[in-house]
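What follows is each chain in one-letter form.
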Amino acid sequence: MSASRSILLIIGGGIAAYKCLELIRRLKDRGISSRCILTKAGAEFVTPLAVSSLAGERCFTDLFSLTDEADIGHIALSRSTDLLVVAPATADLIAKMATGLANDLASTALLATDKRVLIAPAMNPRMWQHPATRRNMAQLEKDGILVVGPNSGAMAERGESGPGRMAEPAEILAAIELALAGEATTQQRAIGFLGRLPGGAGSPQGPLAGRHVLVTSGPTHEAIDPVRYIANRSSGKQGHAIAAAAAAAGARVTLVSGPVAVPDPPGVETVHVESAREMLAAVEAALPADIAIFAAAVADWRVADAAPEKMKKDGSGLPPLALIENPDILATVAHRPSGRPSLVVGFAAETQNVVAFAQAKLAKKGCDLIVANDVGGTGVMGGDANTVHLVTREGVESWPTLAKQEVAGRLIARVSEIIDASKARA
Ligand SMILES: Cc1cc2nc3c(=O)[nH]c(=O)nc-3n(C[C@H](O)[C@H](O)[C@H](O)COP(=O)(O)O)c2cc1C
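The structure presented is a predicted model; accordingly, all values stated were derived computationally and were not measured.

Near the ligand, the surroundings consist of 16 residues, among which G12, G13, G14, T39 and T90 are the closest. Of all the elements, helix α5 (residues 91–99) adds the most residues to the shell around the ligand, at 3 residues. In terms of residue class, the shell around the ligand is made up of 9 nonpolar, 6 polar and 1 charged.

Put simply, A87 and P88 share a cis peptide bond, and its omega is -5 degrees. Cis rather than trans, the peptide bond between L287 and P288 has omega equal to 5 degrees. For P288, the location among the structural elements is in the loop between α12 (276–286) and β14 (291–294).

Here α5 crosses helix α8 (residues 131–142) at 50 degrees, and the two axes come no closer than 9 Å. Classified by the interaxial angle, the pair formed by α5 and α8 is oblique. α8 is crossed by α5, and the crossing has left-handed handedness. On α8, the residues that touch A91, I94, A95, M97 and A98 of α5 are T133, N136, M137, Q139 and L140. Looking at the contact of α5 with α8 residue by residue, the classes come out as 7 nonpolar, 3 polar and no charged.

On to the pairing of strand β4 (residues 83–89), then. Among the 7 residues that make up β4, 7 are buried, leaving the element largely enclosed by the rest of the structure. Strand direction decides the pairing type here: strand β1 (residues 5–11) and β4, joined by 4 bridges, are parallel. Considered in β4, the bridge of I10 is made with V86. Pairing of β4 with strand β5 (residues 116–121) involves 5 bridges; the strand directions are parallel. When the sheet's bridge partners are listed, A89 is paired in β5 with P121.

Adjacent strands of a sheet form backbone hydrogen bonds with each other and so pair up, either parallel or antiparallel. Spatially, 6 strands are ordered β3-β2-β1-β4-β5-β6 in an open sheet, and the strand pairing comes out parallel. At either end of the open sheet lies a strand with only one pairing partner, and these are β3 (59–60) and β6 (146–147). On the sheet, helix α1 (residues 19–29) packs against β1, β2 (32–38) and β4 and is oriented at approximately 175 degrees with respect to β1.

On to the environment of N151. Here N151 is to be found in strand β7 (residues 151–154). Taking the C-beta count within 10 Å as the criterion, N151 has 21 such neighbours and is therefore assigned buried. With 102 residues separating them in the primary sequence, N151 and V253 have C-alpha atoms 12 Å apart. The contacts of N151, once residues within four sequence positions are left out, are R165, A167, P263, D264 and P266.

Next up on the list: the nonpolar core. V213, V215, I242, A246 and V345 are the most contacted members of the largest nonpolar core, which has 59 residues in total. Looking at this core element by element, the count peaks at 8 residues for helix α11 (residues 237–248). Among the nonpolar cores identified, the runner-up in size contains 55 residues, and V46, A91, A120 and I176 belong to it.

Quick look at the environment of P320 now. On the secondary structure map, P320 appears in the loop between β15 (301–303) and β16 (323–325). Taking C-alpha positions, P320 is 41 Å from S161, a pair spaced 159 residues apart along the chain.

With that out of the way, let us pick up α12. Buried within α12 we find A276, M279, L280 and V283. Taken around the axis of α12, the buried residues stretch over an arc of 100 degrees, which confines them to a single face. For α12, the elements touching its buried residues are β9 (212–217), β10 (222–223), β12 (252–257), β15 and α13 (329–334).

It is worth spelling out the domain arrangement of the chain at this point. Under the domain assignment, the chain is made up of domain 1 (5–182) and domain 2 (212–425). Centre-to-centre separation of domain 1 and domain 2, based on C-alpha positions: 36 Å. Residue-level contacts link 10 residues of domain 1 with 7 residues of domain 2. Tallied by class, residues from the side of domain 1 that touches domain 2 come to 4 nonpolar, 4 polar and 2 charged.

Analysis parameters
- Position numbers for residues start from 1 in each chain and track the written sequence from start to end.
- Totals for whole chains, interfaces and linings use all residues, but because this is a predicted model, local features are given only for residues with pLDDT of at least 70 and pairs of side-chain atoms are given and counted only at 80 or more.
- As a rule, any residue with its backbone-derived C-beta atom within 6 Å of a molecule or strand is reported as near that molecule or strand.
- Numbering of helices and strands runs from the N terminus; a helix is a DSSP stretch of H or I covering at least four residues, while a strand is a stretch of E covering at least two.
- Classes in brief: Ala, Val, Leu, Ile, Met, Phe, Trp, Tyr, Cys and Pro nonpolar; Asp, Glu, Lys and Arg charged; the others, Gly included, polar.
- Orientation is described by lines fitted to C-alpha atoms, with helices fitted over the stretch in contact, and by angles between N-to-C directions that extend from 0 to 180 degrees.
- Oblique is the label for any angle not under 35 degrees, not over 145, and not in the 65 to 115 range, which are roughly parallel, roughly antiparallel and roughly perpendicular in turn.
- Handedness of a crossing follows from how the near helix is turned relative to the far one, being left-handed for an anticlockwise turn of less than a right angle and right-handed for a clockwise one.
- In this description, a residue-residue contact is defined by the distance between C-beta atoms placed from the backbone, which must lie within 7 Å.
- Each residue is classified by how many other C-beta atoms fall within 10 Å of its C-beta atom, where C-beta atoms are placed from the backbone; a count of 20 or more means buried, 12 or fewer means exposed, and values in between mean partly exposed.
- Paired strands, in this sense, are two strands between which DSSP finds at least two bridges.
- By our criterion, buried Ala, Val, Leu, Ile, Met, Phe, Trp, Tyr and Cys residues that link up through C-beta atoms within 7 Å make up a nonpolar core.
- Each C-beta atom gives one direction from the helix axis, and the arc is the one those directions make.
- Domain start and stop positions are those given by an automatic or database domain assignment.

See the structure below:
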């Protein structure tokens, strides 16, 4: 599908520019060629030589270069491609795009193009949250610019963290492939939300615009001693996909994640925790929320007295490991006397009697919807596909085996319908 496809990659002046070298390499592996424009500030972070060596053709830098203009004029440069990608999209480049400035090669190409444009914003969290950047991003979204990221997390500046980290090359590549395919993601089609890619939370347009969605994901780790713990096989792929789908639907999303290897979803505020008790505390701190989706595989039990020092095998026999129950996060939130989210969704991972157990769980936990799946020997935990049943008080709906992203998209579509229906009844 990607054969003979090409992008024009505009590399702005941010620390994340180095990630573009990896992006160019990955694009090549996928058969997508990149022609590159490096801004003056971008050239402070990566060299034209490194860019052109990886891209396999010269890197363009100057609007008023006789050789560049004779080789391919700036207008042709902006049009002889399938997609323009700006990464890192600095605050400065975003502001230029929002106001239509054209005072260098990059901004001129962006204004002159007749192709779709995808941006991967990257900046300090304060710059990202500044009202000027918020205004500029709102304008770009109105203009139909596609956005991937930014992620939340630690910044290059010591001690700073928050939203503003550029999406990872793999995430940008996925967004490019979708844009080149001329479509929105499956999840966006499922929720009727076209025109932008996952990554930017709080869009004014999506079906969950103005809503706060809280999602938990991954396993929890329960300490035995400082180096050992009890865990389960949850990968976080399903919960993270749900958080990404909710963000793509325009929600403000808080994701409380146990220890996982998958990256934080773009455009989502991610809080990292280890144990069930930490997860409950983070969930309570994130409330109020309109919708809570508890996809994490929370350990039912923890060790009653975790050892403060590493336990030693000293020949005195097996150590006693007494277990006590962990707090039940789903039931705690679903039974809140005040401040309960309007919609509380639980997950039930079962190895037998999947639907019957889920129906019993629905009644016991006081939630509105259970997503039940069979995790018995099917490779679901850690895998990329899921076969789920939606259990409500009205009945059971069984879905075919789907990619976890597709499950996420459909679930968010269903959640949006339920919320809309309850609003119409109110
Ligand atoms: C060390 C350093 C790192 C920077 N990182 C960023 C960044 O990540 N994002 C951003 O928007 N600006 C960043 N800036 C500021 C931009 O480089 C500056 O606004 C520049 O004019 C942007 O140029 P451009 O429009 O070519 O991207 C950084 C500046 C310095 C000195």
